[in-house]
Structure formats: C-alpha cells, structure tokens
Amino acid sequence: MSQEQVEILQRALKREKAARKAAEKILEEKSRELYFTSQRLEQLLEEKSSQLQGVFENIVDAYVVMDLQGNIIKFNEAATKLFGYDISREEINVVNLIYKEDYPYAISSFMELQNKAYFKNYEARVYTKSKEVKWVHINASLIFDKEKKPVAAQGIVRDITDQKASEEKLIASENRLASLVVNLDSGIVLEDENRSIVLTNNKFCDLFNIEAKPSDLIGMDCQAASEQNKVLFKNPDSFLQRMRVIDENKKTVLGDELEMLDGKILERNYIPIITGDTSKGYLWTFKDVTLNRTYRKSLEAQKQKYYSIIANMNLGLVEVNNNEEILMVNQSFEKISGFKQEEVLGKNARELFAIDGSSDVILKENVKRLKGESSSYEIKARNKAGEILYLLISGAPNYNIDGEVIGSIGIHLDITAIKNLEFQKEKLLSKLEKSNDELQEYAHIVSHDLKSPLRSIHALVSWLKEDNQGKLDDISIQNIGLIETTLEKMEQLITDVLNYSSVGAETSLKTEVDLNSLVNELVSILYIPDHIEIKSLNTLPNIIGDRTKLQQVFQNLISNSVKFIDKEHGSIIIDVEDLKSHYKFSIKDNGIGIEKKYHDKIFKIFHSLKKSKDSSGIGLSIVKKIINLHEGEIWLDSEPNVGSTFYFTLKK
Amino acid sequence: MLKKLKILLIEDDMIEIMKLNRTISTLKLDHKIIEANNGEEALEILEQKDNLPDVILLDLNMPKINGIEFLSILKKDDVLKYIPTIILTTSNNQKDLLECYKIGVAGYVLKPLKYEDYVSKIEKLLAYWSINELIVV
C-alpha cells in the first residue's frame with residue numbers, strides 16, 4: 001500500500017472519526033432533547049388523563065365503565081341517577097340492564113365493540129332498578145392496558161326517553177297525516193319543480209281511473225301523465241292548455257271546473273307550496289263535485305218551477321211580516337189590488353185594504369198565525385181605484401229556519417163576482433118570497449071574488465025556484481038543477497086551484513108524522529063502499545113532514561082508487577118498502593087502470609082522464625107537488641081493466 | 001024565549017044582503033037587520049051609542065077599510081069591543097082565520113055555495129046568539 005494510499009486512508013479515517021464524534025454529539029443532544037420531550041409528554045399525558053377522567057366523571061351524561069364480562073365497574077353520578085343502582089353496594093352486570101327485546105341488538109353492538117374497539121349511536125331501551133324502561137343513546141369504546149390488551153369498556157349513556165317519545169309522536173302524526181292524505185276525499189298530486197310526482201293518493205287514482213297504487217306513481221312525470229289522461233275530458237285540448245298556463249304562472253288557482261267524458265264534474269285547485277322563499281313543490285287537488293252540481297241544478301230548477309207557479313197562478317199571493325208589513329206580492333195580487341209591488345212594499349196590508357169590519361177579522365186571524373194555525377176567511381176590501389172587492393183568503397204562518405213565526409203568507413181569491421151573485425140571489429129570494437106571498441094573497445082574493453058571484457047565482461036560482469013553485473015545468477026545474485050542479489063544479493074547481501097554489505107557499509112546520517095512524521084514521525073517515533076492502537101489508541113508518549099535506553096525498557090516492565074501482569070485489573093494498581134514504585110507498589087497486597100513454601099526463605094540472613062531477617083534474621098534480629116537496633117521486637104501474645099501482649117515495 | 005037581536009050586517013054585496021034578509025023572513029025570525037055597505041058606514045052607525053047592535057056580522061072582503069082593519073078598530077074601542085063580531089066570509093085562508101081570532105072574533109063562518117046551506121048556517125048562528133047573554137052598555 002502506498003503512502004499516498006495510507007495517507008488517504010488515514011485522512012479518511014480521521015474524517016470519519018470527526019464525523020462520528022459530531023454525530024454522537026448530535027445524537028446525545030437529540031436523545032437528551034427526546035428525553036425531555038418524553039418527560040414532558042408523560043407529564044402532559046398524565047395531566048390529560050386525569051383531566052379526562054374528571055371530564056367523564058363530571059359530565060352531565062351518564063358515564064359507565066364495565067369489565068369485559070359486563071360487570072359494571074364504574075358509574076358516574078349521572079349514571080347512578082339514571083339506572084338507580086348504587087354500585088358501591090351491589091354488583092350489576094350489564095345484562096340486567098338490557099331491555100329484553102333489544103337483547104339481540106345489544107349483543108351485536110357488543111361484538112362490534114370488540115371488533116372495532118368502539119361503537120357509536122347505539123339506541124335501545126334499558127331497565128332501571130325500579131324496572132322502568134328508558135331509551136338511551138350510547139357511544140362506547142374499549143380500554144386497553146400497556147400491552148394493548150383490552151381490559152374494560154367505557155361508554156357515555158344519554159337518556160333520550162323524552163326525545164324518543166316526541167319522535168314517536170311526530171311519527172304518529174306523520175302517519176296520521178299520510179293516511180289522511182291517502183284517504184282524502186279529494187284527489188291530490190304534489191309535484192316538485194321538475195313536475196315529478198312526489199305524493200299522490202287513492203282518490204286521485206280513482207278519479208282518473210288509474211289502476212295503480214299511489215306509491216307507484218311517485219317519480220312519474222306529471223306532464224306526460226296529463227297528456228295521457230287528457231282523453232278522459234270532454235275538452236282535452238283546453239284541459240292541457242289550461243294546465244300549461246297554470247304551470248307557467250305558478251300562482252294559486254282555485255275552483256276550475258273540469259267536465260269529464262263520463263259525466264263527472266271535477267273541481268281543480270292549484271297551490272304552490274312555499275316555505276320561506278324556497279319552493280317545496282306544487283299541489284294539485286281534484287274534487288268530484290258532480291253531485292253538488294246536479295243538486296244545485298235541480299234545486300235551481302225546482303226554485304224556478306215554484307217561482308213561476310207563484311208568479312203565474314191566478315191567485316193573489318201576499319207575504320207579510322209580523323208587523324203586517326208587505327214583503328212580497330205576486331202579479332195576480334197586483335192585478336187584483338191595482339197596486340204595483342213597489343207601491344205596497346213595507347205598507348200595512350190590513351190598513352191598506354180592509355174595510356167595513358174586515359180589519360177586526362184580520363186581527364183575529366193574525367193571532368191564529370202567531371200560534372201557527374192556518375185558516376181561511378173572507379174580507380171586504382178596497383182596491384187602488386176604491387172599488388169594493390171581496391177576497392177569500394187562505395192564510396198560513398211563515399217560519400224562519402229556526403221554526404219561529406216571522407209572518408204569514410196569504411193566498412187571495414177574488415170572489416167579488418161570486419159575492420155579488422150571492423147578494424143578487426139573496427135579493428131575488430126575498431123578492432121571490434114577497435111575490436109568492438102576494439101571489440098567495442092574490443089567489444085567495446081571486447077565488448073569493450070568483451066564488452061570490454057563484455053564491456049569488458045559486459041564491460038567485462034558488463029564489464026563482466022557490467018563488468015560482470008550481471009555475472015551472474019539469475024541464476025548467478031540471479035545467480035549474482043543472483045550473484046548480486054546474487055552479488058546484490065551478491066552485492070545486494076554484495077551490496082546487498087555490499089548494500094547488502097553496503101547496504108550495506105555506507111553509508108549515510115539519511113534524512114527525514106517524515103515517516100508520518094517519519092512514520088508519522083516513523080510512524075510517526073516508527067513504528069506502530062495502531064492496532071495497534083496504535089492506536095494509538106492513539106497518540107504515542114515521543116520517544118528518546107536513547101532516548096535513550101528507551094526509552092529502554094518501555087521501556087523494558085512496559079516493560082515486562075508490563073512485564075508479566069497477567070490479568065487484570074491490571081491493572086496495574097499501575105497502576111500504578125501506579130504501580136507503582127514502583121510503584117507497586105503494587097503493588095498489590084493481591080498478592079500471594090507466595093506459596101507458598097517460599102515465600105522465602095524469603100528474604099535470606087539469607088533466608083529468610075521466611070527466612066526472614067530483615074530479616077537477618087537479619088532485620094528482622097536488623099529490624105530485626106535495627111529494628116533490630118531501631124530496632120524493634111519484635110514478636105508476638097500470639094495466640087497463642086490471643088495476644093500477646101508484647108508487648111514491650118520501651125522504652126519511 | 002028567543003031574544004030578538006039587533007044585527008049589524010057589514011056587507012058590500014047587494015045579493016048577500018038580500019040573502020040574509022030573505023033567510024030571516026023565510027025563517028020567520030024577529031031579528032032586526034041594520035045594513036052597512038062598508039066599514040066607514042058601519043063606524044058611523046056605531047057612533048050612536050044608545051042604539052048599538054047586539055051582534056055584528058062582518059064580511060072580510062070589502063073596499064076601503066077591509067074586514068080585519070075594521071075589526072081592529074072595533075077592538076080598540078072600550079065599548080064596541082064587547083059586541084060579538086062574527087066573520088061571514090068566503091075566505092078560508094088560514095092566515096085570515098088566525099088573524100081574526102087573534103084580534104078577537106066571536107065566530108068565523110064560511111059562506112057556502114048553496115043557498116040552502118046558507119040558510120041552515122044562519123039559522124043556527126042566530127039561534128045560538130039569541131040564547132046568549134050579552135053585555136048591555
């Protein structure tokens with residue numbers, strides 16, 4: 001090795017020595033530095049740990065330390081309070097604390113702790129010493145010894161029972177809200193800014209015949225959906241166009257009406273939902289108002305119908321309040337009264353129209369209305385022109401929706417014409433009565449005046465006969481006899497005419513008449529030849545009537561029968577039959593009979609069939625008149641030469 | 001035995017007057033007939049209070065004052081009301097009959113058609129009144 005080489009090596013060694021010395025020096029310094037640092041660190045760490053321990057022990061939340069078997073080693077004050085156990089006196093394992101149902105969750109969380117050395121946001125229920133159940137939130141971690149071996153676990157336990165309860169309430173109310181939305185009677189669609197469906201409900205699907213669950217529609221594009229649905233509407237294009245306009249304006253629209261092809265009418269509302277300044281979407285609601293609309297339409301139709309009935313009926317209608325002030329009149333009443341509605345509104349109806357005591361009538365009626373009674377009455381009134389009217393009013397109380405009487409409604413029928421006719425009739429009747437009386441009087445006077453000369457002639461003829469006794473021949477005496485007979489016939493005629501005219505005029509008292517005894521008496525008084533037998537088949541009834549006149553009926557009919565019996569053995573049979581409202585009498589004889597063609601004629605005055613001394617032809621017409629007065633009829637069955645049966649009815 | 005009556009006949013018909021006169025003479029009765037053709041005349045006669053009739057025969061159907069009016073006047077008079085008044089008439093009008101009895105009559109006789117019947121009625125009527133006691137004023 002060369003010097004040079006040795007020198008180089010020596011120099012290099014020297015350099016290396018120096019460098020090592022420098023490095024050692026640096027190392028020494030560094031290690032001293034490190035020592036100090038670690039010293040300080042250790043100090044710091046200790047400080048921090050005790051600091052930390054203090055934090056854990058003094059924090060508001062419960063702090064729990066347990067060994068790996070789950071035995072609780074440490075509870076801070078909050079933990080003691082939370083769980084209720086005093087661990088200095090009793091031993092507790094974490095298993096005692098876990099709520100039964102949450103056990104699996106607890107175990108899995110514990111496994112997580114072992115694997116990852118910590119867990120976070122464990123939320124579960126625990127039992128306290130008094131078996132109260134509490135919700136807790138736990139963050140936990142493992143504690144290691146110096147050899148990094150886990151020795152225990154620590155956790156911070158927060159009581160979240162109250163928070164949990166309010167969360168549940170919130171969920172419950174959200175659920176309620178959700179089910180409300182789902183079951184709402186209106187179809188709703190909530191869409192976001194991009195017109196995607198966020199929320200919809202059953203009713204919406206129903207209304208638009210969508211066969212899907214509301215939840216399936218979430219995320220669908222509203223624009224596309226409405227393009228599809230437009231065919232459901234009567235006017236699809238305007239439906240779409242209107243929707244587009246609404247969408248562009250993004251302003252609330254209420255009460256749009258959509259007519260669908262199936263006849264449904266929908267009411268559509270559009271409401272942007274804005275919280276603060278931010279848009280949360282747009283709410284479309286659809287409501288089926290078909291029923292409302294048709295109700296309203298038919299209600300309107302009904303109203304129109306009654307309105308036109310009231311307006312056009314031929315009866316005046318007036319509505320008044322409880323102060324008799326007119327609230328409404330119809331056209332007919334305007335016509336009747338001569339006033340226009342505007343002239344009478346607010347005026348007192350009674351004071352305006354009623355005259356001659358009708359005011360009192362109305363006041364009495366008003367009392368009835370207040371009691372809720374309806375009634376009809378007549379009043380005398382005056383129209384605008386001052387003419388007198390008679391009105392028949394049918395009044396009824398008018399109620400408000402609370403059932404209180406607020407006035408009355410009167411239907412007015414103008415009966416002036418009828419009333420005038422009535423008055424005219426009354427006048428005529430009294431006139432007729434008077435003239436009947438006069439006629440009666442006249443009949444008597446005339447008959448008196450007619451009879452007087454007859455009597456005088458009779459007296460004079462008698463005197464002629466007397467004064468010329470022996471001087472007159474037989475024929476003259478016979479003729480004088482004929483004069484006397486004629487005079488008698490003439491007198492009878494006058495008497496009968498008078499009787500006939502008296503039948504209707506004398507309004508004698510009607511009493512109960514025992515026809516049985518009446519006829520028996522009659523038979524004993526009348527002249528009945530021996531060859532004629534009179535029989536009654538049944539007891540005759542009692543009847544209300546005029547005794548004298550009824551007697552005349554039986555007398556005339558029986559006498560007629562007697563008169564016209566031509567058989568050797570005469571028979572007159574009297575019978576009666578009970579009809580509902582009348583009695584039917586019959587008087588049957590076996591006389592000469594009457595030809596059919598005379599059956600009507602014989603009841604007419606002066607139609608005697610057989611001219612005879614004692615038949616004036618008035619008898620049967622008087623009988624018919626009396627029977628008619630007793631609301632009966634007379635007729636006959638007869639066969640010439642066999643006999644006749646006269647039937648007549650009398651009202652019971 | 002039979003009283004002789006002073007009879008006032010109020011009658012406007014001449015033949016009726018003749019009938020009564022003839023009847024009385026035929027029957028040979030001794031009654032005195034005073035004739036009055038109407039009510040006014042009768043009232044004049046009745047003013048002679050010292051010569052009042054015993055009975056009055058009154059026809060209802062007369063001109064001027066009719067029978068019923070005359071009867072009413074009679075019944076209002078304190079003296080004359082006691083004279084029996086018999087209606088002699090053709091009218092069998094129930095109204096007249098009722099009215100006459102209401103005012104006060106002593107009889108109501110209908111004039112029959114036949115003269116013989118008339119004679120018979122008058123005979124009985126006068127016989128009746130001739131046996132009656134009458135008020136003499």
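Just so we're clear, the structure is a prediction, and the values are computed from it rather than from any experiment. (Residues numbered from 1 in each chain as written. Chains lettered and ligands numbered in written order. Predicted model: local features only at pLDDT ≥ 70, side-chain atom pairs only at ≥ 80, totals over all residues.)

A.B. asks: Any chance you could explain the interface of chain A and chain B here in plain terms?
C.D. replies: A common way to express how large an interface is: the accessible area buried when the components associate. Contacts between the two partners involve 15 residues from chain A, matched on the other side by 13 residues from chain B. When contributions to the side of chain A that touches chain B are tallied by element, the ones reaching two or more residues are α14 (416-467) and α15 (474-503) of chain A. When residues in the side of chain A that touches chain B are grouped by element, the largest group, twelve residues, is from α14 of chain A. Per-class residue counts for the side of chain A that touches chain B are five nonpolar, six polar and four charged. (Contact = placed C-beta atoms within 7 Å. Helix = DSSP H or I, 4+ residues; strand = E, 2+ residues; numbered from the N terminus. Nonpolar A, V, L, I, M, F, W, Y, C, P; charged D, E, K, R; others polar.)

A.B. asks: Explain the sheet that holds strand β8 (residues 253-259) of chain A to me, please; I cannot follow it from the model alone.
C.D. replies: Residues and elements named next belong to chain A. Pairing within the open sheet is antiparallel, and its five strands lie in the order β7-β6-β10-β9-β8. Each edge of the open sheet carries a strand with a single partner, namely β7 (197-200) and β8. The sheet shows a mean angle of 20° between the axes of neighbouring strands, direction not considered. Bridge analysis of β8 against strand β9 (residues 265-275) gives five bridges, and the strand direction is antiparallel. Within β9, the residue paired with glutamate 259 across the bridge is isoleucine 265. (Pairing = 2+ DSSP bridges. Axes fitted to C-alpha atoms, helices over the stretch in contact; angles between N-to-C directions.)

A.B. asks: Would you take a moment to explain the sheet that holds strand β11 (residues 316-321) of chain A for this structure?
C.D. replies: Across a sheet, paired strands are connected by hydrogen bonds in the backbone, their directions being either parallel or antiparallel. Residues and elements named next belong to chain A. With respect to topology, five strands assemble into an open sheet ordered β12-β11-β15-β14-β13, the strand pairing being antiparallel. Two strands bound the open sheet, and with one partner strand each, they are β12 (326-329) and β13 (375-382). Across this sheet, the average inter-strand angle for adjacent strands is 30°, counted without regard to direction. Of the pairings in the sheet, the one linking β11 to β12 comprises three bridges and is antiparallel in character. Each residue of the ladder has a partner; that of valine 318, found in β12, is valine 329. Across the sheet, helix α13 (residues 358-370) is in contact with β13, β14 (388-399) and β15 (405-414); its angle to β13 comes to roughly 150°.

A.B. asks: When you look at unusual backbone geometry in this model, what are you seeing that I'm missing?
C.D. replies: Backbone phi values are negative for most residues with the exception of glycine, while trans is the configuration of most peptide bonds. Residue and element names in this part refer to chain A. Despite not being glycine, asparagine 209 shows a phi value in the positive range, around 55°. Structurally, the position occupied by asparagine 209 is in the loop between α6 (202-207) and α7 (222-229). At asparagine 641, a position not held by glycine, the phi torsion is positive, near 75°.

A.B. asks: When you look at the nonpolar core in this model, what are you seeing that I'm missing?
C.D. replies: Ile10, Leu57 and Leu58 of chain B are the most contacted members of the largest nonpolar core, which has 30 residues in total. Of all elements in the fold, only β1 (6-10), α1 (14-26), α2 (39-46), β3 (55-58), α3 (67-76), β4 (85-89) and α5 (115-130) of chain B reach the threshold of two or more residues within this core. With six residues, the single largest contributor to this core is α5 of chain B. Each residue touching leucine 57 of chain B, except ones within four places of it in the same chain, is listed here: Ile7, Leu9, Ile10, Ile86 and Leu88 of chain B. Residues Ile574, Ile594, Ile602 and Leu650 of chain A belong to the second largest nonpolar core, which totals 28 residues. (Core = buried A, V, L, I, M, F, W, Y, C linked by C-beta atoms within 7 Å. Buried ≥ 20, exposed ≤ 12 C-beta atoms within 10 Å, placed from the backbone.)

A.B. asks: Which parts of the structure should I look at to understand α15 of chain A?
C.D. replies: Since the α-helix packs 3.6 residues into each turn, any two residues three or four apart lie on the same face. Residue and element names in this part refer to chain A. The terminal C-alpha atoms of α15, which comprises 30 residues, lie 44 Å apart, in line with the 44 Å expected from a rise of 1.5 Å per residue. Every buried residue belonging to α15 is among Glu491, Ile494 and Leu498, and all of these are buried. The inward-facing, buried residues of α15 abut α14. (Expected span 1.5 Å × (residues − 1).)

A.B. asks: So what exactly am I meant to see when it comes to the pairing of β7 of chain A here?
C.D. replies: Residues and elements named next belong to chain A. When strand β6 (residues 187-191) meets β7, the two strands line up antiparallel, connected through three bridges. Counted as the bridge partner of valine 189 is threonine 200 from β7. Joining the antiparallel neighbours β6 and β7 is a turn of five residues, in which arginine 195 adopts a positive phi near 65°.

A.B. asks: Looking at this structure, how should I read the pairing of strand β4 (residues 133-144) of chain A?
C.D. replies: Moving residue by residue along a regular strand, the side chains alternate between the two faces of the sheet. Residue and element names in this part refer to chain A. The sheet contact formed by strand β3 (residues 118-127) and β4 spans eight bridges and is antiparallel. Residue tyrosine 127 lies in a different strand from β4, and its bridge partner there is valine 133. Hairpin connection, β3 to β4: the antiparallel pair is bridged by five residues, and lysine 131 has positive phi, about 65°. Remark: five residues form the turn of the hairpin made by β4 and strand β5 (residues 150-159), two consecutive strands paired antiparallel; lysine 148 in that turn has positive phi of roughly 65°.

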